Amino acid sequence: MNRFLSFLVQSVVTVPSAITVWFLSYFAFDLTFLISFAISLAGGVIVYKITSGVMTTRFLKKHQLTRKEYRYIKKNLDEAKQKINKLNKSLFSIRDLPTIKQRLDVLRITRKIQSMTQTEPKRFYKAEKFYFSHLDSVVELTEKYRFLSQQPKKSHEIDVSLYETRQT
């Protein structure tokens, strides 16, 4: 669900509702300005929450998910986002030019899978293996590769390990 678009729709519905509630309470019920403002604010919050609930329900119905499933998917996507950020840092801290294309491809693919899963949460179940094993492995391999590549004295064993890690 696009957060900005969701916030925009909720605001477009909430602000006129809150203004209408203020006008009604101030002019029709002849309440004081502050009491009308408080009632208007409370009405705005209620309308915002109702709009949020309706939009969430529609989103879940559209993607044929339950709230529990969506919370599970959302939690795992948030964890994956942290891992992808970690991967990004590791990949760009490596100063090896010959592997730059390969590193960029890995990052592009992981971001593409993440964005596709965010737009269509039902696809998470198809990409579960990626999230629970492949992503962890790539992050771990990248961090070890970065560690090895930053060693001051490179021996033959380190060069062989770096080559094998690149191939993996």
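The preceding data block contains the structure.
Visitor: So what exactly am I meant to see when it comes to the layout of surface pockets here?
Guide: One way to see where empty space is left: roll a probe the size of a water molecule over the atoms. Estimates place the volume of the second largest pocket at around 300 Å³. Along its surface, the second largest pocket is lined by 14 residues, and Val-106, Thr-142, Thr-165, Arg-166 and Thr-168 are the ones closest to its centre. Every element with two or more residues in the lining of the second largest pocket is listed here: α4 (100-119), α5 (128-149) and α6 (156-167). Among the elements that line the lining of the second largest pocket, the one with the most residues is α5, at 4 residues. Residues that form the lining of the second largest pocket fall into these classes: 6 nonpolar, 6 polar and 2 charged.

Visitor: Explanation requested: the nonpolar core in the structure shown.
Guide: Considering soluble globular proteins, one finds that nonpolar side chains tend to be buried as a cluster. Membership of the largest hydrophobic core comes to 17 residues, with the highest contact counts inside it found for Tyr-131 and Leu-135. Counting only elements with at least two residues in this core, the list comes to α2 (33-62), α3 (67-93) and α5. No other element matches α3, which puts 7 residues into this core. Non-local contacts of Leu-135, meaning those with residues more than four positions away in its chain, are made with Ala-80, Lys-83, Ile-84, Thr-110 and Phe-130.

Visitor: Explain the packing of aromatic side chains here, please?
Guide: The description of an aromatic ring pair rests on the distance of the ring centres and on the angle between the ring planes. The final tally for this structure, using the stated rule, is 13 aromatic pairs. Seen from their ring centres, Trp-22 and Phe-23 are 5.2 Å apart, and the 70 degrees between their planes marks the pair as edge-to-face. Measuring from ring centre to ring centre gives 6.0 Å for Phe-124 and Phe-132, while their planes differ by 90 degrees; the resulting arrangement is edge-to-face. Classification of Phe-124 as buried rests on a relative accessible area of 0%. When its relative accessible area of 41% is taken as the criterion, Phe-132 is described as partly exposed. Put simply, the rings of Tyr-72, Phe-124, Tyr-125, Phe-130, Tyr-131 and Phe-132 pair up and form one aromatic cluster.

Thresholds applied
- Residues numbered from 1 in each chain as written.
- Predicted model: local features only at pLDDT ≥ 70, side-chain atom pairs only at ≥ 80, totals over all residues.
- Heavy atoms only, no water.
- 1 Å grid on protein atoms, 1.4 Å probe; cavity = no way out; pocket = protein on both sides within 12 Å on 5 of 7 lines; lining within 4 Å.
- Points joined across faces, edges and corners; volume = space filled by probe spheres on them.
- Helix = DSSP H or I, 4+ residues; strand = E, 2+ residues; numbered from the N terminus.
- Nonpolar A, V, L, I, M, F, W, Y, C, P; charged D, E, K, R; others polar.
- Core = buried A, V, L, I, M, F, W, Y, C linked by side-chain atoms within 4.5 Å.
- Buried < 20%, exposed > 50% of the residue type's maximum accessible area, 1.4 Å probe, protein only.
- Contact = heavy atoms within 4.5 Å.
- Phe/Tyr/Trp six-rings, centres within 6.5 Å; stacked < 30°, edge-to-face > 60°.

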